[in-house]
Amino acid sequence: MRYEKITVDTSIGPVGAVIGGVDLSHELSEQVIQEIHHAWLQHHVVFFRNQPLSPQQQADFSACFGELDVYPFMQPVDGHPNVIPIIKEASAKLNFGGAWHTDTSYKQLPPKATVLYALEVPEKGGDTLFADATFAYESLSMGLRACLEGLTGIYSAKMVHGIDGGYNQVAAKKGLGKAYGGSAEFAELEVEHPLIRTHAETGRKSIYCSKPHTHRIKGWTREESLALFGFLTQHLTQQTFVTRFKWAPGSLAMWDNRCVFHHALNDYQGKRRHMNRVIVKGEKPV
Ligand code: SIN
């Protein structure tokens with residue numbers, strides 16, 4: 001596609017592109033939406049800078065790419081059921097999303113897109129890393145690819161939000177996660193998805209399993225499964241597949257959970273970071 005309405009700069013790193021020439025606070029024309037959508041499919045994560053957006057404007061922009069979803073484990077921003085605040089207070093130790101994963105892959109229908117917007121970020125630290133799970137998959141040997149393609153994962157939120165999950169301890173203390181069915185019991189549920197998924201729009205295959213959200217491989221022990229997840233995570237997060245994004249207030253990233261992993265760095269102890277996040281409904285992974 002020749003971009004006529006937006007600029008697309010891929011110099012940021014191995015995955016992703018910075019999009020310019022567009023003001024996301026206004027209603028976007030069909031052509032602009034199509035160009036952004038095309039760049040997103042091609043580069044897996046798109047970044048925008050200097051976009052002053054209210055929660056409603058962020059939700060409106062996200063809705064250009066599909067029906068909005070509700071996140072089960074966090075109280076949303078008042079009056080905006082699809083926008084959740086992701087806040088790490090200066091006094092907090094644990095951050096949200098601080099391990100390599102794709103968003104809520106433990107749901108039957110995991111979200112295809114996540115739209116993350118920065119309101120307050122530390123001067124140094126708090127960057128997010130993105131890894132290209134398609135190129136990572138395509139660079140594995142034919143033999144391992146054939147082996148992985150036959151495997152089913154048992155996905156669950158229990159490692160993070162379950163009774164003993166690290167984030168559940170924090171949520172319980174703050175009284176979060178009750179209003180939207182996000183109880184620790186709900187988090188114990190398990191769903192089956194392939195370890196390698198085929199993108200519904202591009203047809204390309206990507207690594208999908210992750211340590212925080214995939215409990216085990218069907219028919220394998222958890223210990224055996226973790227050994228393979230460890231290898232795949234190490235492979236996926238080699239520098240050659242990873243882009244590091246430095247946030248500023250007004251930055252927005254939209255990533256494709258079907259083909260990109262992310263990791264929020266927790267290297268800013270004593271500083272506050274405040275983001276708002278929206279997720280867009282996706283399809284059953286196949
Ligand atoms: C997330 O995992 O969705 C949050 C990422 C971040 O805060 O950078």
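Details of the structure are given in the entry above.
This one's a predicted model, so the numbers in the text were calculated from it and none came from an experiment.

*Asks:* Where do I start with the site of the ligand in this structure?
*Replies:* Residues in contact with the ligand, as listed here, are Phe 96, Gly 97, His 101, Asp 103, Leu 116, Thr 128, Trp 255, His 262, Ala 264, Arg 273 and Arg 277. A distance of 2.8 Å separates an oxygen atom of the ligand from a polar atom in the side chain of Arg 277. Protein chains shield 100% of the accessible area of the ligand, which is 260 Å² for the free molecule. Among the elements of the structure, strand 14 (260-264) and strand 15 (273-280) are those that each provide at least two residues to the shell around the ligand.

*Asks:* I keep staring at the sheet that holds strand 11 (residues 214-217) and nothing clicks. Help me out?
*Replies:* The strands that make up a sheet are held in pairs by hydrogen bonds between backbone atoms, and each pair lies either parallel or antiparallel. Strand order in this open sheet of 3 strands is 8-7-11, and the pairing throughout is antiparallel. At either end of the open sheet lies a strand with only one pairing partner, and these are strand 8 (190-194) and strand 11. Direction aside, neighbouring strands of the sheet carry axes that sit 30° apart on average. Strand direction decides the pairing type here: strand 7 (residues 152-156) and strand 8, joined by 5 bridges, are antiparallel. Bridging from a neighbouring strand, Thr 152 pairs with Pro 194 of strand 8.

Each value, and the rule that gives it
- Residues numbered from 1 in each chain as written.
- Predicted model: local features only at pLDDT ≥ 70, side-chain atom pairs only at ≥ 80, totals over all residues.
- Heavy atoms only, no water.
- Near = heavy atom within 4 Å.
- Polar contact = N/O pair within 3.5 Å; in protein donor to acceptor, adjacent residues only side chain to side chain.
- Areas by Shrake-Rupley, 256 points an atom, 1.4 Å probe, with all protein chains shown as cover.
- Helix = DSSP H or I, 4+ residues; strand = E, 2+ residues; numbered from the N terminus.
- Pairing = 2+ DSSP bridges.
- Axes fitted to C-alpha atoms, helices over the stretch in contact; angles between N-to-C directions.

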